[in-house]
Amino acid sequence: MTTSPATKLTSTAAWKDLTTQFELIGKKHLRDFFAEDASRAEKFSVEALGLLLDYSKNRIDSETMERLFALAETANLKQHIEAMFNGEKINTTEDRAVLHTALRAPQDAVVMVDGENVVPDVHAVLDKMTEFCNQVRSGAWKGQTGKSIRNVVNIGIGGSDLGPVMAYEALKHYSSRELTFRYVSNVDGTDFAEATIDLDPAETLFVVSSKTFTTLETMTNARTARQWLLAGLGGDSSAVAKHFVAVSTNAEKVKDFGIDTNNMFIFWDWVGGRYSMDSAIGLSTMLAIGPGHFRDLLAGFHEMDHHFRTTPFEQNLPVIMALLTVWYVNFFDAKTIAVLPYDQYLKRFPAYLQQLTMESNGKSTTLAGDRVSYDTSPIYWGEPGTNGQHSFYQLIHQGTHLIPCDFIAFANSLNPLGEHQDYLLANVIAQGEALAMGKTKEEVEAEGTNADLVPHRVFEGNRPSNTIMIDRLTPSILGKLIAMYEHNVFVQGVIWQLDSFDQWGVELGKVLAQKIIPELQSADAELAHDSSTNQLIKTYRKLKA
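All values derive from a computational prediction rather than experimental measurement.

### Notes on the overall build of the protein chain
- When you go through the protein chain residue by residue, the secondary structure sums to 21 helices and 13 strands.
- In summary, the protein chain has a C-alpha radius of gyration of 25 Å against a globular reference of 24 Å for 545 residues, a match within 12%.
- On the principal axes, the C-alpha backbone points of the protein chain span a range of 75 × 60 × 60 Å.
- Counting every position in the protein chain, which comprises 545 residues, the buried fraction comes to 53%.
- Of the contacts made within the protein chain by residues no fewer than 6 positions apart, 74% connect residues no fewer than 24 positions apart.
- Charged side chains of the protein chain number 48 positive and 67 negative; the gap between the two group centres comes to 5 Å.

### Describing the sheet that holds strand β11 (residues 379-381)
- Here six strands make up an open sheet; going across it, the order is β1-β2-β13-β12-β10-β11 and the pairing mixed. Strands at the two margins of the open sheet, each flanked by one partner only, are β1 (45-48) and β11. Ignoring strand direction, the axes of neighbouring strands in this sheet form an average angle of 15°.
- Sheet analysis places strand β2 (residues 51-54) next to strand β13 (residues 465-470), joined by four bridges and oriented antiparallel. Following the sheet pairing, L51 is matched in β13 by I470.

### Some words on the environment of S148
- Considering the arrangement of structural elements, one finds S148 in the loop between α6 (119-138) and β5 (151-155).
- Overall, S148 belongs to the buried group, its relative accessible area being 13%.
- Along the primary structure S148 and I429 are separated by 281 residues, whereas in three dimensions their C-alpha atoms are 47 Å apart.
- A polar atom in the side chain of S148 sits 2.8 Å from the backbone oxygen of G139.

### Topic: the side chain of N91
- Counting through the fold element by element, N91 comes out in the loop between α5 (77-85) and β3 (112-113).
- Not counting residues up to four positions away in its chain, the partners in contact with N91 are R96, V98, D499, F501 and D502.

### Considering the UniProt feature "active site" (unreviewed entry) in the protein chain
- UniProt records the feature "active site" (unreviewed entry) for E359, H390 and K510 in the present numbering. Across 152 residues, the annotated set is spatially dispersed, with a maximum C-alpha separation of 37.2 Å.
- Topologically, E359 is positioned in helix α14 (residues 349-361).
- Residue classification places E359 among the partly exposed positions, given a relative accessible area of 22%.
- Within the fold, K510 resides in helix α20 (residues 507-521).
- Residue classification places K510 among the partly exposed positions, given a relative accessible area of 43%.

### A word on the sheet that holds strand β9 (residues 264-265)
- Taking strand neighbours across the sheet as the criterion, the five strands line up as β6-β5-β7-β8-β9 in an open arrangement whose pairing is parallel. Looking at which strands have only one partner, the edges of the open sheet turn out to be β6 (180-184) and β9.
- Alignment of β5 against strand β7 (residues 204-209), held across five bridges, turns out to be parallel. Each bridged residue has a counterpart across the sheet, and for V152 the counterpart in β7 is L205.
- Each of β6 and β7 touches helix α8 (residues 189-196); the most contacted strand, β6, lies at about 175° to it.
- Sheet contacts for helix α9 (residues 216-232): β5, β6, β7 and β8 (244-247); angle to β7, the most-contacted strand, approximately 160°.

### Regarding the pattern of salt bridges
- Under the defined criterion, the tally for this structure stands at 24 salt bridges.
- Salt-bridge contacts for D200 lead to K147; the nearest nitrogen and oxygen are separated by 3.5 Å. Of this pair, D200 sits in the loop between α8 and β7 while K147 sits in the loop between α6 and β5, and the two are 53 residues apart along the sequence.
- Accessibility expressed as a relative area gives 28% for D200, which makes it partly exposed.
- Its relative accessible area of 38% is what places K147 among the partly exposed residues.
- In this structure, a network of salt bridges that share partners links the residues R104, D278, D305 and E486.

### Notes on the pairing of β5
- Counting buried residues along β5, five of its five residues qualify, which places the element largely inside the surrounding structure.
- Burial along β5 is two-sided: the face carrying N151, V153 and I155 and the face carrying V152 and N154 are both buried.
- As defined by bridge partners, β5 adjoins β6 across five bridges and the pair is classed as parallel. Across the sheet, the residue bridging to I155 is V184, located in β6.
- Read from β5 through helix α7 (residues 159-170) to β6, the crossover connection turns out right-handed.

About the cut-offs
Residues numbered from 1 in each chain as written. Predicted model: local features only at pLDDT ≥ 70, side-chain atom pairs only at ≥ 80, totals over all residues. Heavy atoms only, no water. Helix = DSSP H or I, 4+ residues; strand = E, 2+ residues; numbered from the N terminus. Rg over C-alpha atoms; globule rule 2.2 N^0.38 Å. Buried < 20%, exposed > 50% of the residue type's maximum accessible area, 1.4 Å probe, protein only. Contact = heavy atoms within 4.5 Å. Lys, Arg positive; Asp, Glu negative; His and termini not counted. Charge placed at Lys NZ, Arg CZ, Asp CG, Glu CD. Pairing = 2+ DSSP bridges. Axes fitted to C-alpha atoms, helices over the stretch in contact; angles between N-to-C directions. Polar contact = N/O pair within 3.5 Å; in protein donor to acceptor, adjacent residues only side chain to side chain. UniProt positions renumbered as here; feature names shortened; annotations may be inferred. Salt bridge = Lys/Arg side-chain N within 4 Å of Asp/Glu carboxyl O. Right-handed = clockwise from strand over helix to strand, strands pointing away.

This is the structure we're talking about:
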C-alpha cells in the first residue's frame, strides 16, 4: 500500500477526542453503566459465524465506540485491509506481501502476488499433503523395516511449533488415536530425549519444519533425530528418506540431509512463521485430524477472513476487539491482557497467542522509522479455566493492575460428563460478573462480616472483560478463533502504525549466540564481551570441564 507519511498518531483529532472521552468516563464504574441502560448487553454484543462476542462489560459507552471507530477510519484501516488481501507488500521492512489469507482461500479465488495468482500453488500443496497424509494414516506408508508409521514427531520452533502443537491439542478430540504425536522445539536436549524415549524408530516419522533448513534449534534437533533413527535401524542412511519429510523451501539442503525432495512440502516468503499453521507447516495437524477436518479448519479461517474484510467496523469482531485493546493500553495504561479459555482442549491457545501478538506488535518504531510515543502490544497470557481461578485470578480481582480479560466458553462439551459443563459455564459467567460488578463495602458489611475482615473482602470491580460464547469446539470454530485474533493483531498494528509482520527483535540474540558457541567449546578462544558475559562463558567452561 503506497501512502504518504502517516500523521503522528497522538496528533490526530480522533486520538484527541478519545483523550477527552477518557477524561469523561475513565473512572465511571461498570455498575453505573449497566444501571443506566437495561439494554446494554444487547447493544454491546455481536453475533457472527457462530460466535457471540459480548463486550458489554467494558468501560465504554456508545460515544466511546463511535470515537474508536473514528480512529480506525483516521488510520485508513479499510485501505490497509484491502492492501493485505490484495497481496500488496505491506511488510515494508522485508519488502514482502502478507498473504496467510491466501492459504485458506477457495480454489476458485484469485490472489495476485507479483503478477501471479498464488491460489493454484496453495491448493497443489494441499493436495500433495492430502495424498501423503492418507498414505500414512492408512498404513500404506512403510518405514525402512516394512512397518507402518505409528509415531509422528514434529521438529520446529516458533511458528513451526506453537501453531501445530496448539492445533493438535485443540483438536485432539478429532485426531487419530492410532498415531502418537510429539513436538520438539527446544534446543535443550531434554526436549528431544523425552519426546522419543518410548518410541520405536521403525515406526517413527519426523516432520522437520524450517523454511531455510538452517534454523539453529530445528536443525540441531533434526540432526539428533537422524542419529537416533540410524542408531535404531542399523545405520543404513537410506532409512532417512522413509522416516523424514521436510516442510521447507530449500530443496538443496533438504536433499543434503537425506530427505527425498518429493517428500518436501513448500510454503512461501509471503507466509510469516506465526501465521503459517494453515500452510504445509500444518502437516502434522493434517496427519492427526485427517484431510477432511483440516479443510474444515481452513474453511473456518476463510469465513473469518471474509467477515473481517467485508463487515462494517461496528459489527466486525476483530476490529471491535482490537479497538478495545487500544482503548485499554493507551488510555487506561493496561500492560497485559489475559486470554482465558474455558475448555481444556485450548490449553495451549494462550501460548500460541503470545507469539502471534507480541512478536507482531512488540515494536517501538513506526513504519516511518520514528520512535513511538505511546505503548504498543500488551503482554498476552493465560491458562484454561477453572485452573486459573485457583492460581492468578486473585490478582485480576483485587490486585493493583488493570487486566482486561477475554473469556472463551463453549456451551457444549466434546466430552459431556454429568454436570461438569454446567459447573464450568457457571464459573466463566460468574467470573465476568464478579470482575465487572465487584462487591461493595456495604454489601460485605450486610453479610455480617467481622469489621476487621471487611476491607479484605471488598471487590472493587470495574475490571473489564469480553466473553466469547460458542456452541462447541470444532475444526471450523478453531479456524475462526485463530483468524479473529490474527486480524485483531493486524488492526492494532495499523492503529499504532507498526509493521506487524517483521520480527527483527529476535535476530540480535541469535547472531550473538552463533559467536558465543565456539567460545564455549574452546577454552583458548579469546573473549571480548562485557565483563558479565565473559564471566558467564568462563564459568560454563569450568563447570563443563
